[in-house]
Amino acid sequence: MSKSANLASAALPEEESLQEADAIVAGLCGVFTHTSPTAEVISELLSQKEAYGVGWFLVTFIRKGWSNLPLTTLDLSQFSLGPGKLRLLLYSLPDALLSSLETLKCGPRVCKDPGCRTVLLKYFRHLRGAGNSTGAGVSLKRLDLSTRLLLG
């Protein structure tokens, strides 16, 4: 067998894998479109350790343009995870979502945990800087800290 034939046969499984991945993405898009999880459901998934991965997966699908689930409110009032998960979530939010996100609710964990609070403040600074340099639109109209003090 020639060297080029070996390369062609070696590429075949990768092509099949890509086709399988496309089929999986198409199937999941269909499921998400059919079930249309609400902002409340997505927020709840993102706030719990056991379900965070599913919520993050939904946000990733929105970010990649594979789904156009509406998310005008992100309610993190029950967020129980650490600063790393909060950072991963916030920096994963797509520009398209940021232009439709109107309300961000934060609870005691986000407001009082020093690490989470730092992540939130750095994220707002990042948004302010990105908006000035790229013109990215952020439509956040309401930041609900639920009367929580930002000090521990």
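Remember, it's a predicted structure, so these values are computed and weren't measured experimentally.

Conventions and cut-offs
- As a convention, each chain's residues are numbered from 1 in the sequence order in which they are written.
- In view of the model being predicted, local features appear only for residues whose pLDDT reaches at least 70, and side-chain atom pairs are presented and counted only at 80 or more, with totals across whole chains, interfaces and linings using the full set of residues.
- As a rule here, side-chain values come from all non-hydrogen atoms in the structure, and water together with hydrogens is ignored.
- Residues grouped as a nonpolar core are buried Ala, Val, Leu, Ile, Met, Phe, Trp, Tyr and Cys residues, joined through side-chain atoms within 4.5 Å.
- Buried means the residue's accessible area, taken with a 1.4 Å probe over protein chains only, is under 20% of the maximum for its type, while exposed means over 50%, and partly exposed covers the values in between.
- The criterion used for residue contact is that any of the two residues' heavy atoms lie within 4.5 Å.
- Secondary structure elements follow DSSP: runs of H or I no shorter than four residues count as helices, runs of E no shorter than two count as strands, and numbering proceeds from the N terminus.
- Note on pairing: two strands pair once DSSP finds at least 2 bridges between them.
- Note on geometry: axes are C-alpha line fits, over the in-contact stretch for helices, and angles between N-to-C directions span 0 to 180 degrees.
- An angle below 35 degrees is treated as roughly parallel, one above 145 as roughly antiparallel, one from 65 to 115 as roughly perpendicular, and anything else as oblique.
- By convention the crossing between two helices is left-handed if the near helix lies anticlockwise of the far one by an angle smaller than a right angle, and right-handed if it lies clockwise.
- Side-chain classes follow a simple rule in which Ala, Val, Leu, Ile, Met, Phe, Trp, Tyr, Cys and Pro form the nonpolar group, Asp, Glu, Lys and Arg form the charged group, and the remainder, Gly included, forms the polar group.
- Pairing of aromatic rings covers Phe, Tyr and Trp, the last through its six-membered ring, and needs centres within 6.5 Å; plane angles under 30 degrees mean stacked, over 60 mean edge-to-face, and all others mean tilted.
- The criterion for a charge sitting over a ring is simple: Lys NZ or Arg CZ within 6 Å of the ring centre, and within 35 degrees of the ring normal.

Engineer: Please give an account of the nonpolar core that cites residues and values.
Structural biologist: In terms of nonpolar packing, the biggest core is built from 31 residues, with Leu74, Leu76, Leu86, Leu89 and Leu93 touching the most fellow members. Discounting residues that sit within four places of it in the chain, Leu93 has contacts with Val59, Leu74, Leu98 and Tyr123.

Engineer: Explain the pairing of strand β1 (residues 73-76) residue by residue, including any values.
Structural biologist: Judged by which residues are buried, β1 turns out to be one-sided: Leu74 and Leu76 face inward and are buried, whereas Thr73 and Asp75, on the alternate face, are not. Across 4 bridges, β1 lies against strand β2 (residues 103-106) in parallel orientation. What sits directly across from Asp75, in β2, is Lys105.

Engineer: How would you summarise the environment of Leu89 if you had to cite specific residues and measurements?
Structural biologist: For Leu89, the position within the fold is in helix α4 (residues 83-92). By relative accessible area, Leu89 is classed as buried at 0%. Residues Leu89 and Leu46, 43 residues apart in the sequence, show an inter-C-alpha distance of 8.1 Å. Once residues lying within four places of it in the same chain are set aside, the contact partners of Leu89 are Leu46, Tyr52, Trp56, Val59, Leu74 and Leu76.

Engineer: Residues and numbers for the packing of helix α2 (residues 39-47) against helix α3 (residues 52-63), please.
Structural biologist: Where α2 meets α3, the axes come as close as 6 Å, and the angle between the chain directions of the two elements is 130 degrees. Here α2 lies oblique to α3, going by the angle between them. For the crossing formed where α2 meets α3, the hand is left-handed. Seen from α2, the contacting residues are Ile42, Leu45 and Leu46; seen from α3, they are Tyr52, Val54, Gly55, Trp56, Leu58 and Val59. The residue inventory of the contact of α2 with α3, partitioned by class, reads 8 nonpolar, 1 polar and no charged.

Engineer: So what's going on with the packing of aromatic side chains? Which residues, and what values?
Structural biologist: Per the counting criterion, the structure on display carries 2 aromatic pairs. With a centroid separation of 5.2 Å and an interplanar angle of 80 degrees, the aromatic rings of Tyr91 and Tyr123 are classed as edge-to-face. Linking Tyr91 in helix α4 with Tyr123 in helix α7 (residues 114-134), this pair joins segments that are 32 residues apart in sequence. Classification of Tyr91 as partly exposed rests on a relative accessible area of 32%. Measuring from ring centre to ring centre gives 6.3 Å for Tyr123 and Phe124, while their planes differ by 50 degrees; the resulting arrangement is tilted. Residue class for Tyr123 comes out buried when judged on its relative accessible area of 4%. Three or more aromatic residues joined by ring pairs make a cluster, and in this case those are Tyr91, Tyr123 and Phe124. The side chain of Arg87 reaches across the aromatic face of Tyr91, ending 4.6 Å from its centre.

The values reported here are purely geometric and, on their own, carry no functional implication.
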